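Understanding the architecture of this molecule
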Amino acid sequence: MNNIPKTQDLSGQEIYQKIGDNIQKVIKGQSVAIRKLLSAFASGGHVLLEDYPGTGKTTLAKALAYSVDVNFKRIQFTPDLLPSDILGVSMLDPNERTFHFHEGPIFANIVLADEINRASPRTQSALLEAMAEFQVSVDGNLRKLTDPFFVIATQNPVESRGTYPLPEAQMDRFAIQFSLGYISPEEEVKLLSEQIQEHPIDTIQPCVDFQDIITLKQQVKQIRISEELKRYIVDIINATRTAENVQLGASPRASLTLMKIAQALALFDGFEFVTPEHIQELAVSVIAHRLVMESQARFSGTTAESLVKDILQSVPVPT
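Residues numbered from 1 in each chain as written. Predicted model: local features only at pLDDT ≥ 70, side-chain atom pairs only at ≥ 80, totals over all residues. Heavy atoms only, no water.

**Digging into the side chain of S67**
One can find S67 in helix α3 (residues 57-67). A polar contact of 2.7 Å, which involves the side chain of S67, links it to the backbone oxygen of A63. Among residues more than four places away in sequence, those in contact with S67 are I19, N22, I23, I204, Q205, P206, C207 and V208. (Helix = DSSP H or I, 4+ residues; strand = E, 2+ residues; numbered from the N terminus. Polar contact = N/O pair within 3.5 Å; in protein donor to acceptor, adjacent residues only side chain to side chain. Contact = heavy atoms within 4.5 Å.)

**Focus: the pattern of salt bridges**
Tallied over the entire structure, the rule returns eleven salt bridges. Note that E194 is salt-bridged to K28, the shortest N-O span being 3.3 Å. Of this pair, E194 sits in helix α7 (residues 185-194) while K28 is found in the loop between α1 (12-23) and α2 (31-43), placing the two residues 166 residues apart along the sequence. Given the relative accessible area of 16%, K28 is considered buried. Residue R224 is joined to E272 by a salt bridge in which the shortest nitrogen-to-oxygen separation is 3.8 Å. (Salt bridge = Lys/Arg side-chain N within 4 Å of Asp/Glu carboxyl O. Buried < 20%, exposed > 50% of the residue type's maximum accessible area, 1.4 Å probe, protein only.)

**A word on the sheet that holds strand β10 (residues 176-178)**
An order of β3-β6-β9-β1-β10 is seen for the five strands of this open sheet, with the pairing classed as parallel. Two strands close off the open sheet at either side, each with one partner strand: β3 (72-76) and β10. With strand direction ignored, the average angle separating the axes of adjacent strands in the sheet is 15°. The sheet strands contacting α2 are β1 (47-50), β6 (110-114), β9 (150-155) and β10, and the helix crosses β10 at an angle near 165°. Contacting β1, β3, β6 and β9, α3 runs over the sheet at an angle of about 170° to β6. (Pairing = 2+ DSSP bridges. Axes fitted to C-alpha atoms, helices over the stretch in contact; angles between N-to-C directions.)

Here's what the structure looks like:
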């Protein structure tokens, strides 16, 4: 790890700003996506990036990893990838005649699971325990993962050949899911100009260290949220369970995630408390991917995203 010079202790908002500014040296025109990514990172959640090839999913994940002075590993998911390729394996030492465990790439602070839907369900499930409980079970032994532990997974929504859709149980493990979309023509011209000689990702340097991230996560937990807003979150989540065209609504994990992400957004904005706007800002990204829609929903034009937006319009906002 690099030694980042310390001049003074930074606030959570300053840490967020430093990371965001560093990422924007590489990722152009994606300030909203960066805010979503960092809100999950600061609140202890995991992120699923789903978008078309070439929109910058992997680059965004790498830009975050390279901005923070922590351990980073990338796993390229393929159909022949095995759980042991992720978790690690015990190997026999012929000299000592004992087995030694060799850690897999899951033992890192930031893990990029690239094209996660290309691996078999068996391999995908190897991530479940790690993402939910920050630990893995290998050869009957429980091994803890180091905090912070953050998974960024990517997948391509338009390619189905040789892919395995993520099961509902694993989708629920991701704090948020979002897409990057295409940038404006002006930003795309700027992108071309900046990559004539080299890719900016090759020169990005860490701007915060391990202790800064611990500070950021601790300050998120200190952001206050009123009982009225807690009930507001529960009312939004509960509405998904009774909504028409929904086979399975969001779980209590969604309520908890939405609260924590709202706390992160409030910290980023310099607030000491959560507002309804913070809850509304990322409600769709937190909730929509957790819903299982009825098969007839697609014929009526109802999507999980549009349904959550309708719920936000109908649930009374605390005053």
